[in-house]
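# Notes for the structure review
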Amino acid sequence: AAPHSTKRRAIPEKGKDSDRILALIARLSLHNAQQARAAMAMLIQVFKVPSEDPLVTQAKAATQAYAERAKEVSDPAESRLRYGLPHIHVWNAWLHVLLEKATDTSVQQQIRDYSSTMQGRGWQAVHAEVPHARVSKCYDKKYMKLEVRVI
């Protein structure tokens, strides 16, 4: 006769216990996702815009250009020092689009002043003021979401 094995599975293959554990894990995951969405709603402003809007297309172009330049540098830390973070490029693209769209000269001047001031301080200063800026997919493919957090 074979010796009795002392090893047992932590979770039985089938039965009430495994079903109950899976249900608890599913509930916990949904609860955590709900809390994350609530926190995002408090911290990040979201704007729904058409997919063809220049705010979307320019931001995508900026992130693609950033990714291509970042690939040229083998060290991620060096790439970060040289080019900054992707969301900084998205923010700059949005500023350029808003500058083009603005019809009021005082608004244009405010955008120019802000851009030149922040450019002189470096990408770290922009990151301190704008820690999050991105374009993300929307449930409707005709639209995209602009997510931004400005401190």
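These remarks concern the structure in this document. Computed from a predicted model, the values in this text were never measured in an experiment.

### Some remarks on the side chain of S136
Along the chain, S136 turns up in strand 2 (residues 132–137). Overall, the relative accessible area of 8% leaves S136 in the buried class. A polar contact is formed between the side chain of S136 and the side chain of E147, at a distance of 2.8 Å. Setting aside chain neighbours within four positions, we find S136 in contact with M144, K145 and E147.

### Regarding the sheet that holds strand 3 (residues 143–149)
Ordered by their spatial adjacency, three strands build an open sheet running 1-3-2, and the pairing between neighbours is antiparallel. The open sheet has two edge strands with one neighbour each: strand 1 (45–50) and strand 2. Sheet twist, expressed as the mean angle between neighbouring strand axes with direction ignored, is 20°. Together, strand 1, strand 2 and strand 3 form the strand contacts of helix 2 (residues 54–72), whose direction differs from that of strand 3 by roughly 70°.

### Description of the layout of surface pockets
By volume, the largest pocket is sized at about 270 Å³. Along the wall of the largest pocket there are 15 residues; nearest its centre are N92, L95, H96, S115 and Q119. Looking at the lining of the largest pocket, the elements that each hand over two or more residues are helix 4 (86–101), helix 5 (105–121) and helix 6 (123–129). Of the residues contributing to the lining of the largest pocket, the split by class is nine nonpolar, five polar and one charged. Within this model, the second largest pocket holds a volume of roughly 210 Å³. As for the second largest pocket, its lining consists of Q45, F47, L55, W91, W94, L95, L98, L146, V148 and V150. Within the residue set of the lining of the second largest pocket, elements represented by two or more residues are strand 1, helix 4 and strand 3. If you tally residues by element for the lining of the second largest pocket, the top one is helix 4, at four residues. Across the lining of the second largest pocket, the residue classes tally to nine nonpolar, one polar and no charged.

### Details of the packing of aromatic side chains
With the rule as written, the count across this model stands at one aromatic pair. For the cation-ring pair, K48 lies above Y143, with the distance from its terminal atom to the ring centre recorded as 4.6 Å.

### A few points about helix 2
Between its first and last C-alpha atoms helix 2 spans 27 Å; for 19 residues at 1.5 Å apiece the expected length is 27 Å, and the two agree. Among all positions in helix 2, only L55, V56, A59, A62, Y66 and A70 are buried. The buried residues of helix 2 all sit within an arc of 130° when viewed along its axis, so they share a single face. Summarising the geometry of helix 2, the exposed residues directed more than 90 degrees from the buried face are Q64, E68, K71 and E72.

### Some remarks on the environment of S29
Residue placement: S29 occurs in helix 1 (residues 16–43). Between the C-alpha atoms of S29 and A65, which are 36 residues apart in sequence, the distance is 36 Å.

Conventions adopted
- Residues numbered from 1 in each chain as written.
- Predicted model: local features only at pLDDT ≥ 70, side-chain atom pairs only at ≥ 80, totals over all residues.
- Heavy atoms only, no water.
- Helix = DSSP H or I, 4+ residues; strand = E, 2+ residues; numbered from the N terminus.
- Buried < 20%, exposed > 50% of the residue type's maximum accessible area, 1.4 Å probe, protein only.
- Polar contact = N/O pair within 3.5 Å; in protein donor to acceptor, adjacent residues only side chain to side chain.
- Contact = heavy atoms within 4.5 Å.
- Pairing = 2+ DSSP bridges.
- Axes fitted to C-alpha atoms, helices over the stretch in contact; angles between N-to-C directions.
- 1 Å grid on protein atoms, 1.4 Å probe; cavity = no way out; pocket = protein on both sides within 12 Å on 5 of 7 lines; lining within 4 Å.
- Points joined across faces, edges and corners; volume = space filled by probe spheres on them.
- Nonpolar A, V, L, I, M, F, W, Y, C, P; charged D, E, K, R; others polar.
- Phe/Tyr/Trp six-rings, centres within 6.5 Å; stacked < 30°, edge-to-face > 60°.
- Lys NZ or Arg CZ within 6 Å of the ring centre and 35° of its normal.
- Expected span 1.5 Å × (residues − 1).
- Arc of directions from axis to C-beta.

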